[in-house]
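As a plain string of letters, each chain reads:
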Amino acid sequence: MQSFTYWNTTRIHFGKGQIARISEEVPPGARVLIAYGGGSVLKNGVMDQVRAALAGRTVFEFGGIEANPHFETLVKVADLARTEKVDFLLAVGGGSVADGTKFVAAAALFEGDPWDILLERGTNVQAALPVGCVMTLPATGSEMNRNAVITRASTQDKLPMNSVHVMPRFSVLDPETTYSLPPRQTANGVVDSFMHVLEQYLTYPVGAKVQDRFAEGLLLTILEDGPVALREPTNYAVRANLMWASTMALNDLLSRGVPGDWATHRIGHELTGLYGLDHAATLAVVLPSLLKVKRAQKREKLLQYAERVFGITAGSEDERIDAAIERTRAFFEAMGVKTRLADYGLDARIIPEVANKLRQHWQVPLGEHRDVTPEVASNILELAL
Ligand code: NZQ
Ligand code: ZN
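An unreviewed UniProt entry annotates the chain as NADH-dependent alcohol dehydrogenase of Pleomorphomonas diazotrophica. UniProt, in its Cofactor (unreviewed entry) section for the chain, records the words "Fe cation".

Encoded structure:
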């Protein structure tokens, strides 16, 4: 196991009725800006609960943070926060609202061009407004991590940032808020959280038994409950397990002491930035092909994944690896998330465009061995056609 430092400062309030806890978390005299997306939280009753919990505070609201949140919108929200002397930000929605609000928290106190925050991946953030979060879509783990992914629509650049300053002070996870998710977003969340685990698990062995078995526990839970959530959207136990699994999948617990891959995510972000695919769709397209291209480097972990997650023990090593890759693809397809570029109307013409964006955004090749160059990414995308 590699050496590491671990700490996580977000307080989690988990369970039905927990939105009321916001009243304990946000100071009574606070000037609060609630940020939300396209209106789902107005329809499903979440915002009513939030407003009730904030009674007595000075509250401003900003609706309209897009899926794959736009830099252009967020700088306006940061302006509003400064003008109104806001001292607490509350994100109410999915990962896009959470990420957007985290970026606003940093941008509101940033001297200079806020796009530099993304260019420097957040390393230049010195301070941020405090952020709280009511997460309504289990997927990204944004509610308990320091990441945000922001898109500049005018240039189609989608870039991540990472800063301890934007880590939510608290997050509310009420599984009942997810009952209203459309099947496509339930499926996206399942695929995204499954992929977060795989990015930190399917690399090479370092003798990290605890991290491996945490990862396998999360994968098995998501495999089991993901399809049930589509059939039974108001099954509390299923929604609760998926919600906690997606938080645990990306809150820096699994990543401690082990190598991380993240090439699928980075190639995927270019596909979203350029062509607007849902984040989870990009992952479902890229991963099966990436695993084929990187099967030699990932051999031992692929065999472990085949046996411990899918129970595949028969056949040669190559057959077991092939079977594990196909079972993964079949899971994504069963969730309704297609796994070929052609399914999204894309063909080979996109490959040089994606490779160019990767060259612009990443100085060093991707993957746990830093060997996924733009050329290798192109091979992966060819296999994904
Ligand atoms: O905008 P509203 O009206 O709220 O509707 C949203 C949106 O249309 C809807 N929705 C959310 N909760 C709902 C709901 N509809 C009904 N009932 C509910 N309870 O779902 C749609 C998608 O929402 P979005 O927030 O975009 O989805 P998600 O949570 O999957 O977030 C995706 C974004 O997060 C980034 C992605 O790149 C993408 O930009 N990621 C963030 C990460 C992080 N911060 O650590 C890591 C991830 O890998 C990912 O990159
Ligand atoms: Zn993701």
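**Q** If you had to explain the sheet that holds strand β1 (residues 11–14) to someone new, which residues and values would you point to?
**A** In a beta sheet, neighbouring strands pair by backbone hydrogen bonds and run either parallel or antiparallel. Strands sit in the order β1-β8-β5-β4-β2-β3 across an open sheet of six strands; the sheet is parallel. This sheet does not close on itself; its edge strands, each paired only once, are β1 and β3 (58–63). Between one strand axis and the next, the sheet turns by 15° as a mean value, whatever way the strands run. Judged from the five bridges that link them, strand β2 (residues 31–36) and strand β4 (residues 88–93) form a sheet pairing that is parallel.

**Q** Tell me what's going on with the UniProt feature "domain: Fe-containing alcohol dehydrogenase-like C-terminal" (unreviewed entry) in the chain, and back it up with residues and numbers.
**A** In this numbering, the UniProt entry assigns the feature "domain: Fe-containing alcohol dehydrogenase-like C-terminal" (unreviewed entry) to residues 186–380. Regarding residues 186–380, the helix share stands at 67% and the strand share at 0%, and the terminal C-alpha atoms are separated by 27 Å.

**Q** Can you explain the UniProt feature "domain: Alcohol dehydrogenase iron-type/glycerol dehydrogenase GldA" (unreviewed entry) in the chain? Please cite residues and give values.
**A** The positions that UniProt labels "domain: Alcohol dehydrogenase iron-type/glycerol dehydrogenase GldA" (unreviewed entry) are, in the present scheme, residues 10–175. Between the end C-alpha atoms of residues 10–175 the distance is 18 Å, and the span holds 28% helix and 26% strand.

**Q** Hey, could you go over the domain arrangement of the chain for me, with residue numbers and the actual values?
**A** The assigned domain composition of the chain is domain 1 (11–177) and domain 2 (183–384). Here the C-alpha centre of domain 2 lies 26 Å away from the C-alpha centre of domain 1. With 19 residues of domain 1 at the contact, the number on the domain 2 side is 23 residues. Of the residues forming the side of domain 1 that touches domain 2, the biggest block, three residues, is contributed by strand β7 (residues 157–162). Along the lines of polarity and charge, the residues of the side of domain 1 that touches domain 2 split into nine nonpolar, six polar and four charged.

Conventions used here
Residues numbered from 1 in each chain as written. Chains lettered and ligands numbered in written order. Predicted model: local features only at pLDDT ≥ 70, side-chain atom pairs only at ≥ 80, totals over all residues. UniProt positions renumbered as here; feature names shortened; annotations may be inferred. Pairing = 2+ DSSP bridges. Helix = DSSP H or I, 4+ residues; strand = E, 2+ residues; numbered from the N terminus. Axes fitted to C-alpha atoms, helices over the stretch in contact; angles between N-to-C directions. Domains from an automatic or database assignment. Contact = placed C-beta atoms within 7 Å. Nonpolar A, V, L, I, M, F, W, Y, C, P; charged D, E, K, R; others polar.

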